[in-house]
Structures are given as C-alpha cells and as structure tokens.
Amino acid sequence: MKLNFFRLVLSLLSSLNTDNKEEYINIDDYAECILSYLISPCLDKDMDPAIVDAFVSTWEAFNQICPYYLWTATDPNILFKSDTRIFRSEKILPLWLHQQTFNARNVLALTNAQDTMMLQLLLELCLSQAEDKHHPDTLDKSRRLICQFIHSIFIDGDREMLLAKSLHFQTYSTDLIPMVVDLIPSIYIVFSFIPELTRQPQLDKQVFGILMACYLCEKYPLQNYLMIAEKHVLPRLMKIAFPVPRERSPSCVPSDALVHAIPGFVHLARAFPHFGPTILEAFDVIAKGLPEPQQFIGQEGNNNIIILVLQLHKVLKDSRDLVQAEVNKMDQVNKITL
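Reference entry: report on the structure contained in this document.

Procedures and definitions
Residues numbered from 1 in each chain as written. Predicted model: local features only at pLDDT ≥ 70, side-chain atom pairs only at ≥ 80, totals over all residues. Heavy atoms only, no water. Helix = DSSP H or I, 4+ residues; strand = E, 2+ residues; numbered from the N terminus. Buried < 20%, exposed > 50% of the residue type's maximum accessible area, 1.4 Å probe, protein only. Contact = heavy atoms within 4.5 Å. Polar contact = N/O pair within 3.5 Å; in protein donor to acceptor, adjacent residues only side chain to side chain. Salt bridge = Lys/Arg side-chain N within 4 Å of Asp/Glu carboxyl O. 1 Å grid on protein atoms, 1.4 Å probe; cavity = no way out; pocket = protein on both sides within 12 Å on 5 of 7 lines; lining within 4 Å. Points joined across faces, edges and corners; volume = space filled by probe spheres on them. Nonpolar A, V, L, I, M, F, W, Y, C, P; charged D, E, K, R; others polar. Phe/Tyr/Trp six-rings, centres within 6.5 Å; stacked < 30°, edge-to-face > 60°. Axes fitted to C-alpha atoms, helices over the stretch in contact; angles between N-to-C directions. Parallel < 35°, antiparallel > 145°, perpendicular 65-115°, else oblique. Left-handed = near helix turned anticlockwise from the far one by under 90°.

Note that Pro 49 resides in helix 3 (residues 49-65). You can call Pro 49 partly exposed: its relative accessible area is 49%. Along the sequence, Pro 49 and Lys 91 sit 42 residues apart, while their C-alpha atoms lie 9.7 Å from each other.

Right, dumping it as structure tokens:
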C-alpha cells in the first residue's frame, strides 16, 4: 500500500508540464509535497530503488524550476536536526550537497560562523559509527561525496582561504585528518598557516596543527614543507614536552597532547627519511626527560599519571622503531620533490 502511494505521488508530479508557465504558480506546493512525504521514506534502506530514482529525478526537475525554494527548504540547520540518515544515502546526499553549493555560490556569507559549523558537522559525520561496520562501502561513498563538496567550496568560493583557515583553527577530530588529506585535493592550502596554527595557546590546536602538517608532508613531500616542519613542527613538539626550557628544567611534562602528537612524526619520516635522525634525537631527549613509572609507586592518587607515563614510553618506543625503519631505507628512498 505504501509503495503504491509513493508511486502515485511521483506519477502525478512527473506528469506536470514544466514547460507551461501557468503551472509555475503553485509549483512550490508540489515541491513541498515531495519534500514532506518522500525524503524520509527514500532514506529507508529497504525502499524500492526505483522509487528513490524517481524521487531524485523529480527533485532535479523541481531544481530547474524553483531552486530557491528547494534551497530554503533544505536548509542545513533543518536537516542536521531532523534525519541524519541523509548523510549515508548515496543518492540523496548529493542532492543536499548540491543545495549547499547553491548557498555558497549565491550568498555572500562564506566566512561566517554558520558556514564553518556546517563544514565541521559534515566532517564529524564522516566519523565511523556503529552501524557503519555493516555498510563500509556506504561510509566510504559518503566520505568521498562530502570531501568533494568541501573541495569545491575551497576552490570556488573561498579564494582568500578565510573559510579554510576558520575551519582549521576551530579544528575537528584528528581521526579525520588522514581522510581529509587523502580526499580533499585543495587541502594543501592549509600548510600556509601551519606555523600560526601550531603557535595557538590551546594544546589541542597545537597537536592538530602538528598532525595536519605531518600528514600533508607525507602526501606532498616538498622541500618548503620540510623547512616548515624543521622550523615550526618539531620545535613545537619539544615545547609541548618541555614547557619550561630544558636549561632550567630537564624534566619532560607527561601529557595526552604528547601521546597524540608523537605518532605523527612517523609520517614525517616517511616523507623525509633523511630528516629521521633529527626526529629520533628529539624522541630520545623526550624519553630521557620522562620520569620512570616506578617513581610513583606507593604514592596515593598517582594512578592516572602512571598510566600516562606508561603510554608515553610505549608510544615513544613504537614510533621510534617506525622512524628508525624509515631511516634505514634512507639511501634507497628520496621522496623530496624539488
């Protein structure tokens, strides 16, 4: 019964003569009908694919007639609050992203907080959820569509890089950095403000900048990127490890920031194996400055610091081994692009 109803609705809508201007008078009512009654059912994985295809075709027809209405009706704030299944729909997600492209190209509001928030939310929706374990291909397709959309915004509507800068200074989950670097070709523009990003007072932003730089270097092993890594990225790691200059205090300060930042330098070593010995020296200095876990045994309330110190020792060892492996291949590999 439900499928017959949907087929009837789509049949009536598709019978509209879109060349007849008189029928445009109430076209918004028809558009409202299709959005109100068919979007949610078409997001159901069990929906007949023919119905979904018909919905997409009808939506595209309306987009030729009343694009402004469709844009306002599919406002990002409305959809984010309603049905997030749209962001795992291979056929419906492109429609929503198209509307947001319309927004970006026709409204002078690219650099405000709402646009940054929209991109942040889109990226967060790329994080794997429990249900994605059963549909990995769906997640991959959604990620690619979203990243293509963000790329188009960066190259078409963000000429001054203000939106890209705002997005990355607000940051997003570091788990998404590999995906972003891999799937957004224009993401290389971020490297231009890596020095400023790593100088931010918030540790989480410093770590974000370090990891972004390391992954970008691995994908784009350019000489000028290496210079920035030498001058800003590795020194920032050392400042996180030793907030007080080592001349006054040789002790490393254990922190979650170090745990998250240190593995990034494996990617830097893959990009520039000849820079690996410098990374290894930095790791050795940090390891030497770290307290040994047994120093805290018997002291009340120190369980968390013991766990943190153990994590750091393990992360340092594992990362050191991987960097050393890259150094061992130094004579056979020269990835720098001059």
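Let's pick the thread back up.
Tracing the backbone shows Lys 205 in helix 12 (residues 203-219). Residues within four places of Lys 205 in sequence aside, it is in contact with Phe 169, Thr 171, Leu 197 and Gln 200.

Turning our eyes to something else, we now look at the side chain of Gln 200. Checked against the element boundaries, Gln 200 lands in the loop between helix 11 (194-198) and helix 12. Polar contacts involving the side chain of Gln 200 include one to the main-chain carbonyl oxygen of Glu 196, which spans 3.1 Å. Discounting chain neighbours no more than four positions away, the residues touching Gln 200 are Phe 169, Lys 205 and Gln 206.

Counting across every chain of the model gives eight salt bridges. Among the ionic pairs, Asp 284 bridges to Arg 320, the shortest N-O distance being 2.8 Å. Residue Asp 284 is found in helix 16 (residues 276-289), and its partner Arg 320 is found in helix 17 (residues 303-328); the two are separated by 36 residues along the sequence. Among the salt bridges present, the one from Lys 314 reaches Asp 318, with a minimum N-O distance of 2.7 Å.

What follows concerns helix 9 (residues 162-170). Note: α-helices contain 3.6 residues per turn, so residues at a spacing of three or four share the same orientation. Those residues of helix 9 that fall on the buried side of the exposure criterion are Leu 163, Ala 164, Leu 167, His 168 and Phe 169. Within two residues after helix 9, Thr 171 carries a phi angle of roughly 70 degrees, on the positive side.

Empty space within the largest pocket amounts to approximately 540 Å³. Of all elements in the fold, only helix 3 and helix 8 (136-157) reach the threshold of two or more residues within the lining of the largest pocket. Considered class by class, the residues forming the lining of the largest pocket number six nonpolar, five polar and nine charged.

Moving on to unusual backbone geometry. Of note, Thr 171 is a non-glycine position whose phi angle comes to about 70 degrees, a positive value. You can see Thr 171 is positioned in the loop between helix 9 and helix 10 (177-183).

This paragraph deals with the packing of aromatic side chains. The full count for this structure, using the stated rule, is five aromatic pairs. Relative to Tyr 220, the ring of Tyr 188 has its centre 6.5 Å away and its plane inclined at 70 degrees; by these criteria the two rings are edge-to-face. Taken as a pair, Tyr 188 in the loop between helix 10 and helix 11 and Tyr 220 in the loop between helix 12 and helix 13 (223-241) lie far apart in primary sequence, 32 residues in all. By relative accessible area, which is 45% here, Tyr 188 ends up partly exposed. Relative to Phe 283, the ring of Phe 265 has its centre 6.5 Å away and its plane inclined at 85 degrees; by these criteria the two rings are edge-to-face. Of this pair, Phe 265 sits in helix 15 (residues 264-271) while Phe 283 is found in helix 16, placing the two residues 18 residues apart along the sequence. Side by side, Phe 265 and Phe 283 carry an identical accessibility label, which is buried.

With that settled, consider the packing of helix 15 against helix 17. Packing of helix 15 against helix 17 leaves a shortest axis separation of 9 Å and a crossing angle of 5 degrees. One element, helix 15, and the other, helix 17, form an angle in the roughly parallel class. When helix 15 is examined against helix 17, the residues Phe 265, Val 266, Ala 269 and Arg 270 are found in contact with a partner set consisting of Ser 319, Leu 322, Val 323 and Glu 326. Its residues placed into classes, the contact of helix 15 with helix 17 shows five nonpolar, one polar and two charged.

To continue, consider the packing of helix 12 against helix 15. Running from amino to carboxyl end, helix 12 crosses helix 15 at an angle of 25 degrees, the nearest separation of the two axes being 8 Å. Judged by the angle between their axes, helix 12 and helix 15 are roughly parallel. The hand of the helix 12/helix 15 crossing is left-handed. Side by side, helix 12 and helix 15 meet where Ile 210, Leu 211, Cys 214, Tyr 215, Cys 217 and Glu 218 of the first sit next to Gly 264, Phe 265, His 267, Leu 268, Arg 270 and Ala 271 of the second. Class assignment for the residues of the contact of helix 12 with helix 15 results in eight nonpolar, two polar and two charged.

As for its placement among the helices and strands, Pro 254 is situated in the loop between helix 13 and helix 14 (256-261). With relative accessibility at 18%, the residue Pro 254 sits in the buried group. For the pair Pro 254 and Leu 308, spaced 54 residues apart in the sequence, the C-alpha separation amounts to 6.8 Å. In this view, Pro 254 contacts Leu 290, Pro 291, Ile 305, Leu 308, Val 309 and Leu 312; residues no more than four positions away in its chain are not counted.

The values are spatial; any link to function lies outside them.
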